[in-house]
Amino acid sequence: MTVRVRFAPSPTGYLHVGAARTALYNYLFARANDGVFILRSDDTDTARSTEEYQEDILEHMEWLGLEWDEGIVIGGEHGSYRQSDRYDRYREVARDLIESDSAYYSFATPDQLEQFRKDARDAGTSPAYDGSLEPGYGEVAGRVAAGESAVIRFRVPRPGETRFTDIVREDMVFDHKQVDDFVILRSDGSPTYHLASTVDDVDYGITHVIRGEDLLSSTPKHILLAQAMGAEPATYAHLSLLMGPDGKKLSKRHGDTAMSAYREMGVLPEAINNYLALLGWSLGDEEDVASIDEMISRFDLTTVSKNPAVFDPQKLEWLNGVYIRGMSDDEFVASTLLLVEEDLGRTLSADEREQFMEMVPLIKERTKLLPEVSDQVRFLFTNIDKYDEKSWSKVMDTPEALVALDAALAALTPLDEWTIESIESALRQMLVDTGLNARKGFQPVRVAISGSTVSPPLFESLAILGKLETLTRISNARALL
Ligand code: GLU
């Protein structure tokens, strides 16, 4: 049997990092089993679904490289894979279920249902609605024909229980006392999530439903529905939810949750895939870094943990740094040149590009997020007309700064050869001559050439900046002291 899995986000929000992890696990499972990965749109909530959210989901699925084999945009043998296009099919199933007595028209009003639940609680019985407020069979057809508003409910077999083995959470039992005769079709003819999701899963031949734990309590309903449709229910795997560092469900309170935010921050898709994979699953052997192909070859849903996983943006940044260091210099330039040029508001000249290339080995090691590159190289391509205030007051407003800059000028001016080595030896000799320590002697030079105390390694930076520009910047800063 071919494995068929689906990721079924509702386009009622931007692609959330937790949803992206669900998508990734579906993708890894499909690829690990030579299966089919489907992307569906659960867009039955017309009030909250938007095209903008749908686009965001598609764009970030593509960005993450989680290619789907069937689904929205690309289609497949099941049509558009949008639930909003399938209302006729859901109504047809609802009617079939009425015919087979697995479902019924329900006239109970919200007030009556509330009273039912209250009475049940008072009497110490189950508040799950069991259909007891409904009229006898004889009455139903007439009331429906007369146009009375009715929903269609699934008839949960009572007494009874639904058992299933969840791949992650293992043996699950739901006593039907806890399960409502749930609505499958609303009075306006629209399907509920339970109906639309299960009909799609059955029609699309889904073999494994891998989704968030928040849907665990819906699963007995989906199994009962599938069985009533005469289908073999899927195998389920419910993933624990992502938590913030405080142990509460990951939400905006903890920071960014939209995938787009991480992309804008400069996180690489490879890094976030790797990171999300580790939230609940491990490569073993304390290993953290693996390419998507390696993850596919090792992915095993049965080893996914049921414990909640903590989303830690700092670990993600660290991992992103690992991926950045792993880039070739050319890849690094390809991923950052545009960011640098956007930051400068112009394109780099051929000479400047060369300077940038020379800088790459120095900054690649220190970059955790791609846009940081702009901060590290900006000084090369702009005149220093403003100095970072904190750096200035800490470093330049000291008596040693004047000594250091004068001595640096004197040491560097006579150099015939402008190389990292010659610069380093001249400046080290300058320390000996002035008696300044490295911090007191070098920091003023750093601020003079870059505008701040934070810049790539000093001697290399001077070498790349060039002799004339270095001496000019040091003199300019000196003149301000
Ligand atoms: N559309 C549902 C959601 O976005 C997921 C449905 C499912 O996986 O069964 O939460």
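Here the structure is a predicted model, which is why all the values come from computation and not from measurement.

### Some remarks on helix H20 (residues 467-479)
Given a rise of 1.5 Å per residue, 13 residues ought to cover 18 Å, and the 18 Å separating the end C-alpha atoms of H20 matches this to within 8%. Three or more residues of H20 are buried, namely Thr470, Leu471, Arg473, Ile474 and Ala477. For H20, the arc enclosing every buried residue in end-on projection is 165°, short of the 170-degree limit, so these residues lie on one face. Within H20, the exposed residues directed more than 90 degrees away from the buried face are Leu468 and Ala479. Buried residues belonging to H20 abut helix H14 (372-381), helix H15 (389-396), helix H16 (399-412), helix H18 (438-450) and helix H19 (458-465).

### Some thoughts on the sheet that holds strand S4 (residues 103-106)
Taking strand neighbours across the sheet as the criterion, the 3 strands line up as S4-S5-S8 in an open arrangement whose pairing is antiparallel. A single partner strand is all that each edge strand has here, and the edge strands are S4 and strand S8 (183-185). Neighbour-to-neighbour, the strand axes of the sheet open up by a mean angle of 45°, direction not taken into account. As paired strands, S4 and strand S5 (residues 151-154) are joined by 4 bridges and run antiparallel to one another. Among the inter-strand pairings, Tyr105 is bridged to a residue of S5, identified as Ile152.

### Regarding the pairing of strand S2 (residues 36-39)
Both faces of S2 are covered, namely the face carrying Val36 and Ile38 and the face carrying Phe37 and Leu39. Bridge count for strand S1 (residues 4-7) against S2 is 4 bridges, and the pairing is parallel. Within the sheet, the bridge partner assigned to Arg4 lies in S2 and is Val36. In terms of handedness, the path from S1 via helix H1 (residues 17-32) over to S2 forms a crossover that is right-handed. As judged from the 2 bridges shared by S2 and strand S3 (residues 70-71), these two strands associate in the parallel manner. Within the sheet, the bridge partner assigned to Ile38 lies in S3 and is Glu70. Crossover handedness for the path S2 to helix H2 (residues 51-64) to S3: right-handed.

Calculation criteria
Residues numbered from 1 in each chain as written. Predicted model: local features only at pLDDT ≥ 70, side-chain atom pairs only at ≥ 80, totals over all residues. Heavy atoms only, no water. Helix = DSSP H or I, 4+ residues; strand = E, 2+ residues; numbered from the N terminus. Expected span 1.5 Å × (residues − 1). Buried < 20%, exposed > 50% of the residue type's maximum accessible area, 1.4 Å probe, protein only. Arc of directions from axis to C-beta. Contact = heavy atoms within 4.5 Å. Pairing = 2+ DSSP bridges. Axes fitted to C-alpha atoms, helices over the stretch in contact; angles between N-to-C directions. Right-handed = clockwise from strand over helix to strand, strands pointing away.

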